[in-house]
Amino acid sequence: MAENYTEEEDKLISWFKENYINMIIGVAVGVGLVLGYNYQQDNTLNNQYEISLKYERALAGYQEKEYTSILSLSEELSKTDPENIYTSLSNLYTAKIYHDKKEYDNALKSLNHIANNSKSNEILNIAKLRSARILIYLKRYDEAKDTILSIENYITQVIPTELLGDIEYYSNNLKEAKKIYQLSLKNEMTPNKRKIIENKINSIN
């Protein structure tokens, strides 16, 4: 049968003849990208697994009061993988180590790294609360207040509101402190925590 193409078909065939090599290359690149993506995913999972093992070993050392490993891991991950969940977790432990050694600036540095990089709201809030406690201890009340106010839905949580009350109390704003403590009592809390806050309210004349 004679090959009889319309003009449009002829153009398509001509384009195909001229570009089939590029098409083959394109397909090959596409396949390579898929394989590369799968490789990247596998590589990411393997990397995360290796980090988790390092973290578990470092945590075991921490529980035995051997702090070198968790400090080293925190420093390493903060540079190489700042958004990793294990980076945030190791920085929480690092901050506690520095806090207990009264190296408060270093503790705040570890906690600020979490605040600037963590994707977990739970860990983020823990870091902010711990930062606020240190800042209150250092009498850096304005910074502490800003940190607490940056916590999402802070007004519906007992610890942030209690700390806000503490800030006002230590700033000698007793009327405002009492008001915030009373607001804090509206949130869910343990009986022991409720007693503590009630005692703070009763201590204010």
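Parameters and conventions
- Residues numbered from 1 in each chain as written.
- Predicted model: local features only at pLDDT ≥ 70, side-chain atom pairs only at ≥ 80, totals over all residues.
- Heavy atoms only, no water.
- Helix = DSSP H or I, 4+ residues; strand = E, 2+ residues; numbered from the N terminus.
- Buried < 20%, exposed > 50% of the residue type's maximum accessible area, 1.4 Å probe, protein only.
- Contact = heavy atoms within 4.5 Å.
- Areas by Shrake-Rupley, 256 points an atom, 1.4 Å probe, with all protein chains shown as cover.
- Arc of directions from axis to C-beta.
- pLDDT = per-residue confidence, 0-100.
- Core = buried A, V, L, I, M, F, W, Y, C linked by side-chain atoms within 4.5 Å.
- Phe/Tyr/Trp six-rings, centres within 6.5 Å; stacked < 30°, edge-to-face > 60°.

Colleague: Please provide a residue-by-residue account of the overall build of the protein chain, values included.
Modeller: Looking only at helices and strands, one finds 9 helices and 0 strands in the protein chain. Listed by position from the N terminus, the elements making up the protein chain come as α-α-α-α-α-α-α-α-α. Burial status across the protein chain gives 34% buried among its 205 residues. Counted over contacts in the protein chain with a minimum sequence separation of 6, partners at least 24 positions apart contribute 44%. For the protein chain, the exposed surface amounts to about 13,800 Å²; the carbon and sulfur share of it is 53%.

Colleague: Report on helix α8 (residues 174-184), specifying residues and quantitative values.
Modeller: An α-helical turn contains 3.6 residues, so any two residues separated by three or four positions project in the same direction. Turning to α8, its buried residues number three or more, namely A177, I180, Y181 and S184. Relative to the axis of α8, the buried residues are bounded by an arc of 105° and lie together on one face. What points out from α8, more than 90 degrees from its buried face, is the exposed set K175 and K179.

Colleague: Talk me through the confidence of the model for the protein chain; I want residue IDs and the actual numbers.
Modeller: Residues of the protein chain with pLDDT of at least 70 account for 78%, and the chain-wide mean is 84. Element-level pLDDT for the protein chain is lowest in helix α1 (residues 7-63), with a mean of 62, against a maximum mean of 97 in helix α6 (residues 141-149). Overall, residues 1-17 carries pLDDT values under 50, and its contacts beyond four positions in sequence, including any with other chains, amount to 4 contacts.

Colleague: Before we move on, can you summarise the nonpolar core with the specific residues and values?
Modeller: Ranked by internal contacts, the top residues of the largest apolar core, which has 23 residues, are L111 and I167. Per-element accounting of this core gives the leading share, 7 residues, to helix α5 (residues 121-137). Residues contacting L111, with those up to four places away along its chain left out, are L92, A95, A127, R130, S131 and I134. Of all hydrophobic cores here, the second largest spans 10 residues; its members include Y55, L59, L73 and I97.

Colleague: Could you give an account of the packing of aromatic side chains, with specific residues and numbers?
Modeller: Tallying each qualifying case throughout the model produces 6 aromatic pairs. Their ring planes at 45° and their centres at 5.3 Å tell us that Y62 and Y67 sit as a pair that is tilted. Summarising the aromatic geometry, the rings of Y169 and Y170 are spaced 5.7 Å apart at their centres and angled 75° between planes, so their arrangement reads as edge-to-face. Residue Y169 is classed as partly exposed on the basis of its relative accessible area, which comes to 33%.

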